[in-house]
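Here's the letter readout for the chains.
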Amino acid sequence: MCLFMALIIFVMHMAMNWSMFSEQAQELSDAAAGVAEAQTFYLQNPDDAVDENRYYRSVNDRLFFYIFTEDKRLVRFERASFRIEQFVMDVIETWNIPEGQVETFSHSNETGQLSTVMMTSKKILTADAVQTIYVGKDVTALYSGLQKATYAQIVLGFVALLIASAIGFFLAGKALLPLKDAYDKQKQFAADASHELRTPLAVVMASADLLLADPSIKEPFLRQVLEDLKSEVKKMTNLVSDLLMVARSDNNALKVKIVRLDLTEILKQVIRTMTPIAEKKNIHLSGENFRKAIINADEQRIKQLAIILVDNAIKYTPEGGAVVVRLESVDNTRAVFAVMDSGIGIAPEDLDKVFERFYRVDKARSREMGGNGLGLAIAAEIVKIHDGKISVASKLGEGTKFTVELKVTPKR
Ligand code: ADP
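Keep in mind that what you see is a predicted model, and the values were worked out from it rather than measured.

This brings us to the sheet that holds strand S9 (residues 322-330). Strands belonging to one sheet form pairs held by backbone hydrogen bonds; the direction of such a pair is parallel or antiparallel. The 5 strands are arranged S7-S9-S10-S12-S11 in an open sheet whose pairing can be described as mixed. With one partner strand each, in any of the chains shown, strand S7 (284-288) and strand S11 (389-395) form the two edges of the open sheet. Taken over all neighbouring pairs, the strand axes of this sheet differ in orientation by 15° on average, direction set aside. Of the pairings in the sheet, the one linking S7 to S9 comprises 5 bridges and is parallel in character. Pairing of Glu288 across the sheet is with Arg326, part of S9. Its contacts with the sheet place helix H10 (residues 375-385) against S11 and strand S12 (399-407), and it is angled at close to 140° to S11.

In structure tokens:
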């Protein structure tokens, strides 16, 4: 809108300038022709008495003219006003504009007052004389009027822009209000629903445990049913707690408890926790380049982040592979760690999408592994609330590397 307004003001300024200039130019050309005609007449009839009106037909007292002979002698004139006469003489002195062409000249005096004149020239050729007429007009007032009009347009344009922006902002806000309302409600619903689901799920889980512990239930089929029930309830509990986490982060209701901690210690703990799971798949899980890395962060969340990455690395690496957790670098401002695997890898077109909620490259495989497509979305959220960065590099069939950069002192 600003650009559009500036364009309109510029075009209007140019249009006004052009119309004013062409009108004045026409007046000057007419005056030049009139003076030339009169001068020609008196050159051809030197005995006639000079009638000043023949020279100066215009009633406009801002017009002036000077007639010079070939040897620069002034033979006739209608003086420009005292304020601009010296300036006009200077212009004539250095005149090199083709005959008939109208030009504008500006000059500011010692006090900074600007004067503008428009001038043109015309040659008189009679049998025994060659003379040049310079006709001009003081257009200072016109030009300063134009300038003021342009300033007024700019100010008005700016005010109109402000009003239009305010109205636009107001109306757009009103239009978006129901949408924002619905979105807020939906976020609140997700948070409430996942929160409310936790208790019944915990009850079902405890009941299944109770039944399994009952020695009177001996039937293997019934025990299998109970085991299946427990495993499904466990998956659902995980999904619900993941949902709750993303819903809370959407509502900015995620509680974060920043403490001073050693990142390496957390990574070591995670390796210890995950080793039995890795061993089940005969995957070698190890730490590399470990040394002290003190940062300020939420201990539970950082642990959760590392678990998500290591868990994925194990999930998507075939039996007999390797997963390495490596402390890449530590300095006064940041600590960087990576989780690398020798697994199936991620295709380039999927790389950006893996951090999206519920995105799974291979849905069947993910479900089979107990995944719900929320892990990396949560990992990204945890990194975000720590003011850090997470990135992924991968090659299909060769492996994947997730890199996490955490600030020593996150801005929150
Ligand atoms: P999921 O619960 O399905 O693992 P995530 O959000 O953790 O969900 O991951 C999203 C998708 O990214 C996964 O379904 C998987 O296809 C892909 N992915 C994540 N980590 C890896 C990895 N280390 N190697 C290969 N693919 C991965």
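Next up on the list: the side chain of Ser194. Tracing the backbone through its elements, the reader meets Ser194 in helix H4 (residues 140-213). Separated by 2.4 Å, the side chain of Ser194 and the backbone oxygen of Ala190 make a polar contact. Of the polar contacts made by the side chain of Ser194, one reaches the backbone oxygen of Ala191; its length is 3.3 Å.

Let us now look at the site of the ligand. Lining the immediate surroundings of the ligand are 20 residues, of which Asn312, Tyr316, Asp341, Ser366 and Leu376 lie closest. One of the backbone N or O atoms of Gly373 is found 3.0 Å from an oxygen atom in the ligand. At a separation of 2.8 Å, an oxygen atom of the ligand approaches a polar backbone atom of Leu376. When the ligand is considered free in solution it has 530 Å² of accessible area, and contact with the protein chains removes 97% of it. Of all the secondary-structure elements, those providing two or more residues to the shell around the ligand are helix H7 (299-315), H10 and S12. The element contributing the most residues to the shell around the ligand is H7, with 3 residues. Split by residue class, the shell around the ligand holds 9 nonpolar, 8 polar and 3 charged.

About the thresholds
Residues numbered from 1 in each chain as written. Predicted model: local features only at pLDDT ≥ 70, side-chain atom pairs only at ≥ 80, totals over all residues. Heavy atoms only, no water. Pairing = 2+ DSSP bridges. Helix = DSSP H or I, 4+ residues; strand = E, 2+ residues; numbered from the N terminus. Axes fitted to C-alpha atoms, helices over the stretch in contact; angles between N-to-C directions. Contact = heavy atoms within 4.5 Å. Polar contact = N/O pair within 3.5 Å; in protein donor to acceptor, adjacent residues only side chain to side chain. Near = heavy atom within 4 Å. Areas by Shrake-Rupley, 256 points an atom, 1.4 Å probe, with all protein chains shown as cover. Nonpolar A, V, L, I, M, F, W, Y, C, P; charged D, E, K, R; others polar.

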